[in-house]
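Residue-level listing of the chains:
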Amino acid sequence: MSREMLFYRADDGLIATARLGTDGIFAELADGKLALNWTHIVPVGRELLFYRAGDGVISTGRLDTEGIFAELAEGGLNPDWTSITVLTA
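Below you will find a few notes about this structure. (Residues numbered from 1 in each chain as written. Predicted model: local features only at pLDDT ≥ 70, side-chain atom pairs only at ≥ 80, totals over all residues. Heavy atoms only, no water.)

Comments concerning the sheet that holds strand 7 (residues 69-76)
Note: strands within a sheet are paired through backbone hydrogen bonds, in either parallel or antiparallel orientation.
Okay, so step 1: In spatial order, the strands read 4-5-6-7; together these 4 strands make up an open sheet with antiparallel pairing. Across the chains shown, the open sheet's two edge strands, defined by having one partner strand only, are strand 4 (40-44) and strand 7. Averaged over neighbouring strand pairs, the angle between their axes works out to 20° when direction is ignored.
Okay, so step 2: With 7 bridges joining them, strand 6 (residues 57-63) and strand 7 adopt antiparallel strand pairing. If you follow Thr60 over to strand 7, its bridge partner there is Ala73. (Pairing = 2+ DSSP bridges. Helix = DSSP H or I, 4+ residues; strand = E, 2+ residues; numbered from the N terminus. Axes fitted to C-alpha atoms, helices over the stretch in contact; angles between N-to-C directions.)

The structure is reproduced here in structure tokens:
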């Protein structure tokens, strides 16, 4: 089993994905670009929620097992939330 990761740099929107295997081997997978200045990135299973506190903009995306990121939807919430928590059953 492996674990995929997403690296994000807020000032220029660059992303990179990687996999960390259970054997400890780190492998770079893909790179790309997202919107700037996301303040929160919250994993929800294989999906990711992006939130920008300054204006309340949200976006969702999915990271597949090959490290390919696909944007899913955009929307908005109230601005200035400081925490986002995922609840599990």
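Once the structure has been displayed, the description carries forward.
Here we look at the pattern of salt bridges
Okay, so step 1: Under the counting rule described, the total for this entry stands at 5 salt bridges.
Okay, so step 2: Residue Glu4 pairs with Arg19 through a salt bridge whose shortest N-O separation is 3.0 Å. On the criterion of sequence distance, the pair formed by Glu4 in strand 1 (residues 2-8) and Arg19 in strand 2 (residues 14-21) is long-range, its members being 15 residues apart.
Okay, so step 3: Residues Asp12 and Arg9 are paired through a salt bridge, measuring 2.8 Å at the closest nitrogen-oxygen approach.
Okay, so step 4: Judged by relative accessible area, Asp12 falls into the partly exposed class, the value being 23%.
Okay, so step 5: With relative accessibility at 44%, the residue Arg9 sits in the partly exposed group. (Salt bridge = Lys/Arg side-chain N within 4 Å of Asp/Glu carboxyl O. Buried < 20%, exposed > 50% of the residue type's maximum accessible area, 1.4 Å probe, protein only.)

Concerning the packing of aromatic side chains
Okay, so step 1: Here the structure, examined in full by the defined rule, presents 3 aromatic pairs.
Okay, so step 2: Aromatic side chains Phe7 and Phe26 sit 6.3 Å apart centroid to centroid with 75° between the ring planes, which places their arrangement in the edge-to-face category. Linking Phe7 in strand 1 with Phe26 in strand 3 (residues 26-33), this pair joins segments that are 19 residues apart in sequence.
Okay, so step 3: Using a relative accessible area of 41% as the deciding quantity, one classes Phe7 as partly exposed. (Phe/Tyr/Trp six-rings, centres within 6.5 Å; stacked < 30°, edge-to-face > 60°.)

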